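Tertiary structure, described
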Amino acid sequence: MAAIKINHEKCTLCKLCIDACPFGAIEIRDEKLFINENCNLCGICVKTCPEGALSKEESVVSFADISSYKGIWFFAENRDDKLCPVAFEMLNAALQLKRDIGEDVAGILIGNNVKKFASELTARGADKVYVIEDSMLEHFQEETYASAMAQLIVKHKPNIVISAATMIGRAFIPAVAAKIRTGLTADCTDIGIDPETKLLVQTRPTFGGNLMAKIICRNHRPQMATIRPKMFEESSDVNNGQPDIIIEEFDKSSLLNNIAILKKERMQNTVVIQEAEVIVSGGRGVNDPKNFEMIRELADLLGGAVGASRAAVDSGWIPYPHQVGQTGRTVKPKIYIACGISGSIQHLAGMQTSDYIIAINKDPDAPIFRVANLGIVGDIFEVIPVLIKKIKEARKC
Amino acid sequence: MEIVVCIKQVPDAFEVKIDPETKRIIREGVDSIINPYDNYAIEEAIRLKERFGGTVTAISMGPPQAERALRDAMAMGVDEAILLSDMAFAGSDTLATSYTLSDGIKKLGKFDVIVCGRETFDGSTGQVGPEIAHHLNISYITYVSKIHNISDGVMECSRLMEDHYEELKACLPVLITVVKEINQPRIPSLKGMLKAKKAQINTWKSENLEGDISCYGQDGSPTRVVDVWTEQMKKDGRVIEGETEKVTDVLFDELKKLGIV
């Protein structure tokens with residue numbers, strides 16, 4: 001069993017490790033350092049200890065031959081008979097990994113009548129495309145999609161498999177990883193290759209967005225990750241010559257087939273804030289659903305979409321699809337204007353990679369100002385109406 | 001009907017603060033709570049019992065103090081509670097966590113519906129529910145927003161996807177992950193709280209489970225955290241204060257420079 005070992009002779013009880021432990025797992029009992037049940041074996045204490053009194057013992061786990069796993073795969077998500085923009089973001093992420101490990105990049109198309117998308121992927125840099133088409137795959141379902149993906153992985157043994165952390169990706173990729181018995185890192189904000197080990201290094205926010213973590217999957221293949229949308233640009237045209245398209249039959253033998261879709265209904269006025277170039281967001285400071293009209297007016301004037309903090313959504317002032325943050329949407333617009341949003345860690349996690357951030361808030365100490373390019377200390381009910389007036393006047397001239 | 005709800009105890013994330021000097025998490029005074037998303041799962045499990053009969057068992061994996069989260073669930077109306085707690089479970093990633101929880105659920109015996117929150121507030125992976133379904137070899141549906149009916153071993157429900165709703169039917173047993181649109185979790189009654197206080201919570205260790213011990217804890221976890229840090233806030237930004245007219249002028253000029261007015 002893996003464990004943190006304490007060398008009590010070296011330990012000076014300086015308590016640095018106690019402060020460093022994010023899980024509160026280290027304490028002093030009977031004037032000795034003690035690791036309690038909260039320990040998550042993250043190893044931060046080992047690095048913190050100036051005396052080298054802490055060490056991590058890992059048990060040796062046997063594993064399958066991993067060197068036969070080759071290739072960088074990405075799931076090419078398609079919906080409503082179109083490839084999603086995230087498919088090209090994943091393609092680009094895969095191409096960046098290719099530069100470091102030189103393995104082929106392959107797109108995975110799952111659905112009914114999706115082969116036609118293969119050439120779009122190869123035209124933008126994919127070396128190969130694997131296609132599984134079946135009428136059972138017409139609509140997304142966790143089980144059928146996970147089976148199709150797992151079937152391809154078992155047969156072709158890729159080294160790395162990535163998917164966008166969209167609702168679909170996050171719904172079925174975990175079942176794929178469990179079927180293959182490999183590791184999966186959720187919702188990464190960045191991925192790269194470690195120059196020495198050539199392992200996939202996966203970066204993600206954790207602990208409610210308070211900490212960033214680097215995660216690897218050493219002894220299992222493929223190395224799998226879902227990646228937050230908008231973290232990579234879409235890949236551009238490269239024209240990779242003749243597309244190499246591999247078509248596989250869908251193996252239905254292990255399907256439980258217990259679920260049927262009875263009806264699909266498009267949401268009315270779907271808000272796709274992720275696509276907007278300008279977002280004007282309101283938070284707790286907006287104070288009332290009626291006041292969101294002011295936010296909406298500013299957004300309309302700037303040709304943008306309306307966003308909101310979790311506090312505003314939880315108060316019922318504006319529906320969930322507008323929510324930006326850890327538990328809402330991740331956005332990366334050209335301009336993000338935060339109005340009356342204090343900037344909780346969980347909100348920042350969803351917007352801090354925006355190109356230009358403007359914050360308007362009464363409280364000069366609000367954390368939102370720490371990520372803002374331009375911070376305005378002021379009352380949104382004074383600043384925004386004046387701003388709206390100015391914009392309207394400027395437009396009249 | 002046997003209903004199982006999987007829950008996790010998490011730090012109250014709203015209160016987590018970073019020491020600006022040391023860049024470390026300030027733990028003092030940070031309370032532990034039921035993962036907020038799991039409250040919807042608990043509520044829905046209890047409502048299923050109220051509508052269709054049966055019992056609700058809550059199961060959690062965590063340190064001994066996670067018992068409190070299970071008591072809170074019992075105060076809401078959960079009948080039984082199981083805590084999986086053992087040093088052997090430490091360092092579990094989502095694969096090992098889901099494996100361990102599924103072993104606990106297998107030990108319970110019969111189950112018809114397993115309810116999970118859509119993700120936890122601290123890890124935010126959303127992976128454990130789907131992976132439990134795999135280990136139990138049952139079907140699962142993510143993002144369930146309403147359960148219309150359960151009869152003759154078939155559940156009818158709606159779920160929420162990015163741009164559409166779906167109505168589905170599923171043969172039991174099934175695992176669902178629920179979104180917060182599904183219900184409004186109840187506040188525990190005084191009677192419920194008193195009952196929960198006295199209730200027996202069973203703790204199972206690795207030797208009480210029948211799974212492969214090498215699949216528990218860090219040994220059973222393919223992923224490793226190799227580095228953790230607090231993100232440096234950017235930015236060379238400027239913050240201005242002053243009269244509304246003046247600051248709005250600055251703002252307006254900036255928007256002009258950015259080319260959107």
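Everything below is about the structure printed above this text.
Just so you know, these numbers come straight off a predicted model, no measurement behind them. (Residues numbered from 1 in each chain as written. Chains lettered and ligands numbered in written order. Predicted model: local features only at pLDDT ≥ 70, side-chain atom pairs only at ≥ 80, totals over all residues.)

If you look at the interface, chain A gives 84 residues, while chain B gives 78 residues. Residue composition of the side of chain A that touches chain B, grouped by class: 47 nonpolar, 21 polar and 16 charged. (Contact = placed C-beta atoms within 7 Å. Nonpolar A, V, L, I, M, F, W, Y, C, P; charged D, E, K, R; others polar.)

What follows covers the sheet that holds strand 21 (residues 356-361) of chain A. Here we have six strands laid out as an open sheet, ordered 19(A)-18(A)-20(A)-21(A)-22(A)-15(B), and parallel in their pairing. Every other strand in the sheet has two partners, leaving strand 19 (305-308) of chain A together with strand 15 (238-241) of chain B as the edge strands with one partner each. Averaged over all pairs of adjacent strands, the angle between strand axes in this sheet comes to 20°, irrespective of strand direction. Taken together, the four bridges between strand 21 of chain A and strand 22 (residues 374-377) of chain A define a ladder with parallel strand orientation. Its bridge partner being in strand 22 of chain A, Ala359 of chain A is matched across the sheet by Gly375 of chain A. Helix 7 (residues 292-301) of chain A contacts strand 18 (278-282), strand 19 and strand 20 (335-339) of chain A of the sheet and is inclined by roughly 170° relative to strand 18 of chain A. (Pairing = 2+ DSSP bridges. Helix = DSSP H or I, 4+ residues; strand = E, 2+ residues; numbered from the N terminus. Axes fitted to C-alpha atoms, helices over the stretch in contact; angles between N-to-C directions.)

Phi is mostly negative for residues that are not glycine, and the peptide bonds are mostly trans. Along the chain, Arg221 of chain A connects to Pro222 of chain A via a cis peptide bond; the corresponding omega equals -5°. As for its placement among the helices and strands, Pro222 of chain A is situated in the loop between strand 14 (211-217) and strand 15 (223-227). Here the residue pair Leu172 of chain B and Pro173 of chain B is connected by a cis peptide bond, since its omega of 0° sits within 30 degrees of zero. Following the sequence through the fold, Pro173 of chain B ends up in the loop between strand 11 (164-171) and strand 12 (174-178). Of note, the phi angle at Arg181 of chain A is positive, near 60°, even though the residue is not glycine. One can find Arg181 of chain A in the loop between helix 6 (167-180) and strand 11 (184-188).

Looking now at the packing of helix 5 (residues 142-156) of chain A against helix 6 of chain A. Residues and elements named next belong to chain A. Helix 6 packs onto helix 5 with a crossing angle of 45° between their chain directions and a minimal axis gap of 8 Å. By the angle between their axes, helix 5 is oblique relative to helix 6. Between helix 5 and helix 6 lies a crossing of right-handed hand. Together, Glu142, Tyr145, Ala146, Met149, Ala150 and Ile153 of helix 5 and Ala171, Phe172, Ala175, Val176, Lys179 and Ile180 of helix 6 make up the contact between the two elements. Of the residues in the contact of helix 5 with helix 6, the class split is ten nonpolar, no polar and two charged. (Parallel < 35°, antiparallel > 145°, perpendicular 65-115°, else oblique. Left-handed = near helix turned anticlockwise from the far one by under 90°.)

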